[in-house]
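Structural characterization, general
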Amino acid sequence: MRRGMASRCNVPELPEVEVTRRRIAPYLVGRRISSLHTTADSYFFLTPPKRLRGCVEGQRVQHLDRLGKYLIAVLEGDGRLVIHLGMTGQLFAAGAASVRLLSATARASLAPDEQADFQPDDHTHLHFVFDGDGPDIYLRDVRKFGKVLFVPAGQNHPRLEKLGVDALAVTPELLFSATRKRIVPIKSLLLDQSILAGVGNIYADESLFLAGVRPARRASRVTRRECARIADGLCRVLGRSIETGGSSISDYVAPDGQDGSYQDERRVYARSGEPCRVCGTPIRKIVIGQRGTHFCRTCQR
Ligand SMILES: [Zn+2]
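Summary of the structure given here. If you're wondering where the values come from, they're calculated on a predicted model, not measured in any experiment.

1. A closer look at the overall build of the chain
Counting its regular elements, the chain contains 9 helices and 12 strands. The 301 residues of the chain split such that 50% are buried. Pairs at least 24 apart in sequence give 64% of the contacts found in the chain among residues at least 6 apart.

Encoded structure:
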């Protein structure tokens, strides 16, 4: 159910989360959280709000990291505040420009006089106030598939423990060793978050096209050289999507209000029936592991 919804609704993928990280970090890092306001306790809070407030209030943010699709604010004393944006989560700083962070749908629901000055609403699950000058920071999540938790120093959490290497840190050797003796399709292996964290459906399909490898091929039959091409392809498509501000997907608007433009560069994803940009063969769509999968029969072997 969850997965089906996710693929239909186009959740923020790794590039969107990385774009958010880069844009919000200057407003967060180095500042001391004087207070945190939250909505009432719910499934959104893997750490209950009261405890969460106790853990972060008075703490300075040391840096803002990312692992897969999780944002991780490392606090003084090395406790970690972990945020997953889910499907519609938006992390942004207060100010006139911040409303542009909201999705087109959310913006449309605002009255004109609200657009210059965001006010926390029922969907604003986190509201950070800091010592000194500078804007407050909000986490707003209309559909509430996001998550927040606090991980004390020296501890880990099952959600983070089960994640493999961040997808942007993939290496040919890592991928090659992960594929040995694996009978699953290479596409499914790329989506396995315990191997690579943060590879979404679009990036798996696009990287396999760049590598010339059919998505249904058994992982163990992918050669060392092909693994290198897939790793290179993944870094290229993820990197390019980050550069362009994240994919242009229905409900996502980059933190500066720009729609991403990556979709214009898609070679196979969501191009079923359209001619391959390299050879003209119609792009085929099949289902692998319940995920729509796009490839070119001619360019991919
Ligand atoms: Zn082709």
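2. Concerning the nonpolar core
Formed by 30 residues in total, the largest nonpolar core has its most connected members in Leu175, Ile186, Leu190, Leu196, Val199, Ile230 and Leu234. Only helix 2 (14-28), helix 6 (172-179), helix 7 (186-191), helix 8 (201-211) and helix 9 (224-243) provide two or more residues apiece to this core. Setting aside anything within four residues of it in sequence, one finds isoleucine 186 in contact with Thr179, Leu208, Val213, Arg214, Pro215, Arg217, Arg218, Ala219, Val222 and Ile230. Listed in part, the 28 residues of the second largest apolar core include Leu36, Leu52, Val61 and Leu126.

3. Regarding the coordination of the zinc ion
Summarising the metal site, the zinc ion is bound by the protein donors Cys276 (SG), Cys279 (SG), Cys296 (SG) and Cys299 (SG), whose distances to it range over 2.3 to 2.4 Å. Classification of the site at the zinc ion as tetrahedral follows from its 4 donor atoms and the range of 99 to 114° in their angles at the metal. Binding-site remark: the zinc ion is held by donors from one chain whose sequence spacing is C-x2-C-x16-C-x2-C. Of this pair, cysteine 279 sits in the loop between helix 9 and strand 11 (284-288) while cysteine 296 sits in the segment after strand 12 (291-295), placing them 17 residues apart in sequence.

4. Observations regarding the packing of helix 2 against helix 9
Between helix 2 and helix 9, the shortest axis-to-axis distance is 9 Å and the interhelical angle comes to 45°. Put simply, helix 2 runs oblique to helix 9. Taken as a pair, helix 2 and helix 9 cross one another with a handedness that is right-handed. Counted together, Leu14, Pro15, Glu18, Val19 and Arg22 of helix 2 and Leu238, Ser241 and Ile242 of helix 9 form the full contact between these two elements. The residue inventory of the contact of helix 2 with helix 9, partitioned by class, reads 5 nonpolar, 1 polar and 2 charged.

5. Considering the sheet that holds strand 4 (residues 80-84)
In spatial order, the strands read 2-3-4-8; together these 4 strands make up an open sheet with antiparallel pairing. For this open sheet the edge positions go to strand 2 (61-67) and strand 8 (147-151), each flanked by a neighbour on one side alone. On average, each strand axis in the sheet is inclined to that of its neighbour by 20°, with strand direction left out of account. Here strand 4 runs beside strand 8; their pairing, made up of 5 bridges, is antiparallel. Within the sheet, the bridge partner assigned to isoleucine 83 lies in strand 8 and is valine 148. Packing against the sheet, helix 2 makes contact with strand 2 and strand 3 (70-75), and its axis sits at approximately 175° to strand 2. Strands strand 3, strand 4 and strand 8 of the sheet are contacted by helix 3 (residues 49-56), whose axis makes an angle of about 50° with strand 8.

6. A closer look at helix 9
In this model helix 9 runs 28 Å from its N-terminal to its C-terminal C-alpha over 20 residues, within 8% of the 28 Å that 1.5 Å per residue would give. Of all the residues in helix 9, the buried ones are Glu226, Cys227, Ile230, Ala231, Gly233, Leu234, Val237, Leu238, Ser241 and Ile242. The buried residues of helix 9 occupy an angular sector of 160° when the element is viewed end-on, so they sit on one face. Facing away from the buried side of helix 9, by more than 90 degrees, are the exposed residues Arg225 and Glu243. Contacts made by the buried residues of helix 9 are with helix 2, helix 6, helix 7, strand 10 (196-197) and helix 8.

7. Some words on the sheet that holds strand 6 (residues 124-130)
Taken in spatial order, the 4 strands make up an open sheet running 1-6-7-5, and their pairing is antiparallel. Since the sheet does not close on itself, it has two edges, and those belong to strand 1 (33-38) and strand 5 (89-93), each with one partner. The mean inter-strand angle of the sheet, taken between neighbouring strand axes irrespective of direction, is 15°. Note: strand 1 against strand 6, 5 bridges, orientation antiparallel. Across the sheet, serine 35 pairs through a bridge with valine 129, a residue of strand 6. Of the strands in this sheet, strand 5, strand 6 and strand 7 (137-141) are in contact with helix 2, which crosses strand 5 at around 40°. Packed on one face of the sheet, helix 3 meets strand 1 and strand 6 and runs near 170° to strand 1.

8. Digging into unusual backbone geometry
One non-glycine residue, alanine 270, lies in the positive phi region at around 60°. By secondary structure assignment, the location of alanine 270 is in the loop between helix 9 and strand 11. Given the relative accessible area of 48%, alanine 270 is considered partly exposed. Phi at glutamine 290 is positive, roughly 70°, even though this residue is not glycine.

Reading the values: rules and limits
Residues numbered from 1 in each chain as written. Predicted model: local features only at pLDDT ≥ 70, side-chain atom pairs only at ≥ 80, totals over all residues. Heavy atoms only, no water. Helix = DSSP H or I, 4+ residues; strand = E, 2+ residues; numbered from the N terminus. Buried < 20%, exposed > 50% of the residue type's maximum accessible area, 1.4 Å probe, protein only. Contact = heavy atoms within 4.5 Å. Core = buried A, V, L, I, M, F, W, Y, C linked by side-chain atoms within 4.5 Å. Donors = N, O, S within 2.8 Å, 3.2 Å for Na, K, Ca; no water. Tetrahedral: all angles 85-135°; square planar, octahedral: opposite > 155°, others 65-115°. Axes fitted to C-alpha atoms, helices over the stretch in contact; angles between N-to-C directions. Parallel < 35°, antiparallel > 145°, perpendicular 65-115°, else oblique. Left-handed = near helix turned anticlockwise from the far one by under 90°. Nonpolar A, V, L, I, M, F, W, Y, C, P; charged D, E, K, R; others polar. Pairing = 2+ DSSP bridges. Expected span 1.5 Å × (residues − 1). Arc of directions from axis to C-beta.

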